[in-house]
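Observations on the model geometry
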Amino acid sequence: MIFYTLTPRQEVIDAAHNAGAKIVPVANAEFLSSLESFDGETVEVHDPLDALGVVRALEPFVSATGEPGNALCVGLGDDTSQVAALVNSALGLAEGKCASFTSLEIMRDKHRLREALPEGSPINGLHWMIDLTTGTDSRLQQLVLQTQHGLVLKPNSGSGSRDVRSVVSEAELQDLALEPGQYLVEQRFVGPEFSVETISWAGQHRPLVVTEKVTGGVTGLIETGHHQPARISHQSRDRLFDAARTVLDSANYQFGLSHIEFILEDGQPRLIEAHGRVGGDHIADLMEWSVGATAFDILFSAYQHQRLPNDEPRGEQSAVFFPDLSECPHTDEQWLTRVRQHEDVKDAGVMKAAGDRGPITCSADRHAYVILSGQNISRTVQSLQSQKVLL
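Here is what the cut-offs are and how they apply
Residues numbered from 1 in each chain as written. Predicted model: local features only at pLDDT ≥ 70, side-chain atom pairs only at ≥ 80, totals over all residues. Heavy atoms only, no water. Phe/Tyr/Trp six-rings, centres within 6.5 Å; stacked < 30°, edge-to-face > 60°. Helix = DSSP H or I, 4+ residues; strand = E, 2+ residues; numbered from the N terminus. Buried < 20%, exposed > 50% of the residue type's maximum accessible area, 1.4 Å probe, protein only. Lys NZ or Arg CZ within 6 Å of the ring centre and 35° of its normal. Pairing = 2+ DSSP bridges. Axes fitted to C-alpha atoms, helices over the stretch in contact; angles between N-to-C directions. Contact = heavy atoms within 4.5 Å. Expected span 1.5 Å × (residues − 1). Bend = angle between axes of the 7 residues up to and from the residue. Lys, Arg positive; Asp, Glu negative; His and termini not counted. Salt bridge = Lys/Arg side-chain N within 4 Å of Asp/Glu carboxyl O. Core = buried A, V, L, I, M, F, W, Y, C linked by side-chain atoms within 4.5 Å. Arc of directions from axis to C-beta. Parallel < 35°, antiparallel > 145°, perpendicular 65-115°, else oblique. Left-handed = near helix turned anticlockwise from the far one by under 90°. Nonpolar A, V, L, I, M, F, W, Y, C, P; charged D, E, K, R; others polar.

Turning next to the packing of aromatic side chains. Using the criterion set out here, one finds 4 aromatic pairs in the structure. With centroids separated by 4.9 Å and ring planes inclined at 75°, the aromatic side chains of tryptophan 201 and tyrosine 303 adopt a geometry described as edge-to-face. On the criterion of sequence distance, the pair formed by tryptophan 201 in strand S9 (residues 193-201) and tyrosine 303 in helix H11 (residues 295-305) is long-range, its members being 102 residues apart. Exposure remark for tryptophan 201: the relative accessible area of 11% places this residue in the buried category. Tyrosine 303 gets classed as buried once you look at its relative accessible area, which sits at 4%. Across from the ring centre of phenylalanine 322, 3.9 Å away, lies the NZ or CZ of arginine 366, which sits over that ring.

Written out as structure tokens, the structure is:
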């Protein structure tokens with residue numbers, strides 16, 4: 001197949017080649033110029049999020065091949081996945097074997113997704129929509145009293161931890177400052193956080209791995225690390241897998257990768273949010289060790305063979321951490337040297353220069369990352385912590 005892929009990083013390009021497929025990066029001139037080692041065909045567009053512009057740019061290429069069923073537009077982010085859905089529909093690509101825009105929109109709209117779940121589903125919780133465009137909604141005080149553990153307020157459109165607020169008391173509610181807009185107000189769940197990475201084909205869902213989350217930062221809601229596979233019982237894993245299938249069925253998600261986040265509250269999965277795309281924060285890369293193939297490898301292989309993967313390979317432990325370097329006693333160069341000397345460290349990098357670092361209030365504020373893999377990475381983590389390079 002030919003995969004017209006919106007702004008693909010090198011790992012995505014490599015995965016397509018490993019699957020024996022042709023990949024055609026679709027991006028603006030600046031991005032394409034950064035692909036120094038890529039010598040294949042590319043398609044330049046002014047804005048890869050402009051679906052009409054992408055359709056117009058790809059139409060001559062698709063028409064020239066005469067085989068639209070043998071091509072697919074791929075987007076691996078929240079916005080690019082929806083652009084890809086529009087492009088695939090407009091050009092009749094992949095014989096319709098792709099995620100629909102509607103299913104992606106249901107997952108993007110947090111309130112709509114909760115409303116789509118089966119009535120009385122235990123993975124759901126109390127939830128309300130409030131409009132803070134013109135000021136504070138007086139109902140918030142009443143709502144916080146209706147829940148045992150408080151509320152979580154999320155901007156209804158978007159993803160990640162930006163502008164997400166947790167309120168556990170009336171006193172915290174009085175001090176709450178939010179940007180104007182519509183918010184989904186949810187019952188606050190208490191427990192460890194996980195995500196399920198899944199591949200779907202023709203409405204059949206194959207959960208691949210459960211990712212265990214580490215949260216922190218200023219709000220305590222920011223993901224500061226991920227561990228695969230999650231260190232939980234088989235029973236808890238299977239409950240999370242079943243919950244992911246329920247979410248995907250409710251959104252009528254048919255084809256592609258998905259990333260669904262849950263809190264396990266007293267053994268019961270509780271939905272946080274869902275995405276019809278690969279997990280971010282290097283989650284897709286961790287699967288190379290924990291599952292035996294990256295999420296990109298699995299996606300391209302499914303389309304090459306027109307089916308779900310045959311088996312569930314077992315791999316090693318893998319993890320990524322996003323340390324706070326505010327109190328790190330080393331320079332960035334010293335920090336990288338100390339981190340990379342460990343055998344289990346597969347990659348590390350600085351995300352914010354020393355002068356640009358501040359409090360970690362959302363995922364975009366994180367300072368650095370460290371990726372590890374091995375048979376027992378907990379020893380490496382303890383060693384890094386003792387050296388004050390993983391804080």
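Moving on to the sheet that holds strand S8 (residues 182-187). With respect to topology, 4 strands assemble into an open sheet ordered S5-S8-S6-S7, the strand pairing being antiparallel. Bordering the open sheet on either side are strand S5 (127-131) and strand S7 (165-167), each of which pairs with just one other strand. Taken over all neighbouring pairs, the strand axes of this sheet differ in orientation by 25° on average, direction set aside. Judged from the 5 bridges that link them, strand S6 (residues 151-155) and S8 form a sheet pairing that is antiparallel. Counterpart to valine 152 in the pairing with S8 is glutamate 186. Helix H7 (residues 139-146) contacts S5, S6, S7 and S8 of the sheet and is inclined by roughly 165° relative to S5.

The next point concerns the environment of glutamine 382. Positionally, glutamine 382 belongs in helix H13 (residues 377-386). A sequence separation of 311 residues divides glutamine 382 from alanine 71, and the C-alpha atoms of the two residues are 47 Å apart.

With 15 residues, helix H3 (residues 51-65) ought to run about 21 Å at 1.5 Å a step, and its terminal C-alpha atoms sit 21 Å apart, in line with that. Along its length, H3 shows its largest kink, about 35°, at leucine 58, and proline proline 60 lies within four residues downstream of that point. Listed as buried for H3 are Ala51, Val54, Val55, Ala57, Leu58 and Val62. Structurally, H3 contributes buried residues whose contacts are with strand S1 (2-6), strand S2 (22-27), strand S3 (43-44), strand S4 (71-74) and helix H4 (78-91).

To continue, consider the side chain of glutamate 261. In this structure, glutamate 261 sits in strand S12 (residues 256-265). Although glutamate 261 is buried, it makes no salt bridge; lysine 213 carries the closest opposite charge, 4.5 Å away. Other than its neighbours up to four places away in sequence, glutamate 261 contacts Glu193, Phe194, Ser195, Glu223, Arg270, Leu271, Ile272, Glu273 and His275.

This part covers the pattern of salt bridges. Applying the stated criterion to the full structure yields 15 salt bridges. Note that arginine 270 and glutamate 265 form a salt bridge whose closest N and O atoms lie 3.1 Å from each other. Here arginine 270 and glutamate 265 have matching classes, each one buried. Linked through salt bridges whose partners overlap, the residues forming this network are Arg9, Glu11 and Asp285.

Right, let's get into the nonpolar core. One finds Phe3, Leu72, Ile199, Phe296, Phe300 and Tyr303 to be the most contacted residues of the largest nonpolar core, which totals 36 residues. Elements that contribute at least two residues to this core include exactly helix H1 (10-18), S2, S4, S9, strand S10 (204-216), helix H10 (283-290) and H11. Looking at this core, the element that brings in the most residues is H11, giving 7 residues. In contact with phenylalanine 3, other than residues within four places in its own chain, are Ala21, Lys22, Ile23, Val24, Leu72, Val74, Phe300, Tyr303 and Gln304.

By the element assignment, glycine 53 lies in helix H3. We classify glycine 53 as partly exposed; its relative accessible area is 24%. Glycine 53 sits 317 residues away from valine 370 along the chain, and the two C-alpha atoms are 37 Å apart.

A few words now on unusual backbone geometry. Following glutamine 228, the chain continues to proline 229 via a peptide bond in cis, the omega torsion being -15°. Of note in this structure, alanine 202 is not a glycine but carries a positive phi near 55°. Looking at the secondary structure, you find alanine 202 in the loop between S9 and S10. Under the relative-accessibility criterion, alanine 202 is labelled partly exposed at 46%. One non-glycine residue with positive phi stands out, namely aspartate 281, at about 55°.

This part takes up H7. Within H7 the residues assigned to the buried category are Leu140, Leu143 and Val144. Burial along H7 is one-sided: seen end-on, the buried residues are contained in an arc of 100°. Facing away from the buried surface of H7 by more than 90 degrees, the exposed residues are Gln142 and Leu145.

A word on the packing of H4 against helix H5 (residues 101-108). Contact geometry for H4 and H5: axes closest at 9 Å, N-to-C directions at 160°. Between H4 and H5, the crossing angle belongs to the class labelled roughly antiparallel. Read as a crossing pair, H4 and H5 show a hand that is left-handed. Touching Ser81, Gln82, Ala85 and Leu86 of H4 are Phe101, Leu104, Glu105 and Arg108, all from H5. Among the residues forming the contact of H4 with H5, the class breakdown is 4 nonpolar, 2 polar and 2 charged.

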